[in-house]
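As a plain string of letters, each chain reads:
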Amino acid sequence: MKIGVFGGTFNPPHLGHAEAVRECIARLRLDKVLVIPNALPPHKEIADGSPDAETRLRLTRLGFEHVKHCAVSDMEISRGGVSYTVDTLRRLRERYPSDKLYLLMGTDMLMCFERWRDFEEILRLATLAVFARRGGERKELFRQSEKLRLAYGAQTRFVEFDALDVSSTGIRALLPERGGADVLAPEVYGEIIKRRLYGAKPELEWLRRKAYAMLEPKRVAHVKGCEREAVRLAQRWGADVERAREAAILHDITKKEKLDEQLRLCAKYGILLDEVEKREGKLLHSKTGAAIAKYEFGCDDEVYWAIYWHTTGKEDMSLLEKVIYMADYIEPTRDFEGVDELRRLAFSDLDRALELGFQMSIDDMVRRDIRPHERTLGALEWIKKGNRQQR
Ligand code: ATP
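Here the structure is a predicted model, which is why all the values come from computation and not from measurement.

Peer 1: So what's going on with unusual backbone geometry? Which residues, and what values?
Peer 2: Cis rather than trans, the peptide bond between N11 and P12 has omega equal to 0°. Tracing the chain through its elements places P12 in the loop between strand 1 (2-8) and helix 1 (15-28). At D369, a residue that is not glycine, the phi angle is positive and equals roughly 65°. Checked against the element boundaries, D369 lands in the loop between helix 19 (350-367) and helix 20 (374-390). Overall, the relative accessible area of 72% leaves D369 in the exposed class.

Set out below in structure tokens:
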């Protein structure tokens, strides 16, 4: 068998890594490739704020799960300490005594190869399969391979393909700026966002796509409008615009779910319900939506609570909670008597707008013979009191 060995920090694993493995498999006709994330890299520091080794291992598994003939091994991470390739190859040689080992690496690794621990032994254990990470690197790759061949008898195979010009370092810089989705496997990106690894914030187009896919198509326009209004209100009143966007985009993601699914989600995320909520599925979507925003999309507590309270409101609402409640109420697709007055007030006196909003929803429920939720009644009393004091 021809077995490739691809080590790295994979912090995080990206599409450039997966592509390199696919190309090596195809061009060298490898039977399989072992991808081996290191515990501690010998040649560089692990960047501050990086996830732990187990998390990198999980990301690496996600990053390579669709690459055929490829398996991710935890042998270096479970060995712990600094991961020297020579130790790994010795073990692999024992495990595969008569197979041919290929050590896969990009230019950056080949250029510093003579600094690797026991590199001459590595050359006896494996053939180097080398590839350029950028077009301009080919010459130095050839020169270095030739040098290693003449000096140490290195056996080298060149794998020619146009590598993706990306690096984990570059991606770590992009993630907090709402970038990186296009150079990571979807599963890796989803996991990074879910846990907000590397200080990541979701790309807004990605988040919208995910959120809209969870909606009934007719509700998309409402959510788009809500995002627009939430941003305008946040700017007007000094709330956090970024959080307002995330909350607005996600606020209705479980709206279409029926009561049984809502109850399942409540059980899954440990959401406690009062008697009214147990019967009234409509009131549950704000709680289950908040839980999914937090546990699946990694939103912080402020966003969580803004979604949580967006249907009933409550006493002591934060500025972001008020913004999302109001944006949901006045977004452009809403059409009911009094909405224009509410829109005007929302930008001139937010608390007066909330008072009117709570009052209007209570009146509407009474008209429809539905008992208003006591949290909305409490919210109305609370906001009225504040508004009276202001007058
Ligand atoms: P960092 O930016 O943190 O140094 P990296 O992107 O170089 O990370 P590593 O995990 O250090 O990724 O690299 C593992 C292996 O993958 C190395 O052999 C490296 O040359 C190779 N490699 C990294 N990026 C690419 C790429 N875009 N195309 C092909 N090979 C790559």
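Once you've had a look at it, read on.
Peer 1: Now, about the site of the ligand: what can you tell me, with residues and values included?
Peer 2: Residues in contact with the ligand amount to 23 residues; listed here are only the nearest, K44, D108, L164, S168 and T169. Here K44 contributes a side-chain N or O atom positioned 2.5 Å from an oxygen atom of the ligand. Within the side chain of R133, one N or O atom sits 2.7 Å away from an oxygen atom of the ligand. Within the complex, 94% of the 600 Å² of free accessible area of the ligand lies under protein. One can see that the ligand is located within the second largest pocket. Broken down by secondary-structure element, the contributors of at least two residues to the shell around the ligand are strand 1, helix 1, strand 4 (100-106), helix 5 (107-111) and helix 8 (168-174). Broken down by class, the residue content of the shell around the ligand amounts to nine nonpolar, ten polar and four charged.

Peer 1: I'd love a proper account of helix 19, names of residues and values included.
Peer 2: Here helix 19 spans 25 Å end to end across 18 residues, near enough to the 26 Å set by a 1.5 Å rise per residue. Those residues of helix 19 that are buried lie in contact with helix 11 (220-237), helix 17 (319-330), helix 18 (339-348) and helix 20. One or two steps after helix 19, the chain reaches D369, where phi turns positive at roughly 65°.

Peer 1: Quick one: what's the story with the environment of E315, residue by residue and with numbers?
Peer 2: Tracing the chain through its elements places E315 in the loop between helix 16 (301-308) and helix 17. Residues E315 and I383, spaced 68 residues apart in sequence, show a C-alpha to C-alpha distance of 7.5 Å. Sequence-distant contacts of E315, that is, excluding residues within four places in its chain, are made with G378, A379 and W382.

Conventions we followed
- Residues numbered from 1 in each chain as written.
- Predicted model: local features only at pLDDT ≥ 70, side-chain atom pairs only at ≥ 80, totals over all residues.
- Heavy atoms only, no water.
- Helix = DSSP H or I, 4+ residues; strand = E, 2+ residues; numbered from the N terminus.
- Buried < 20%, exposed > 50% of the residue type's maximum accessible area, 1.4 Å probe, protein only.
- Near = heavy atom within 4 Å.
- Polar contact = N/O pair within 3.5 Å; in protein donor to acceptor, adjacent residues only side chain to side chain.
- Areas by Shrake-Rupley, 256 points an atom, 1.4 Å probe, with all protein chains shown as cover.
- 1 Å grid on protein atoms, 1.4 Å probe; cavity = no way out; pocket = protein on both sides within 12 Å on 5 of 7 lines; lining within 4 Å.
- Sits in = over half its atoms within 2 Å of the grid points.
- Nonpolar A, V, L, I, M, F, W, Y, C, P; charged D, E, K, R; others polar.
- Expected span 1.5 Å × (residues − 1).
- Contact = heavy atoms within 4.5 Å.

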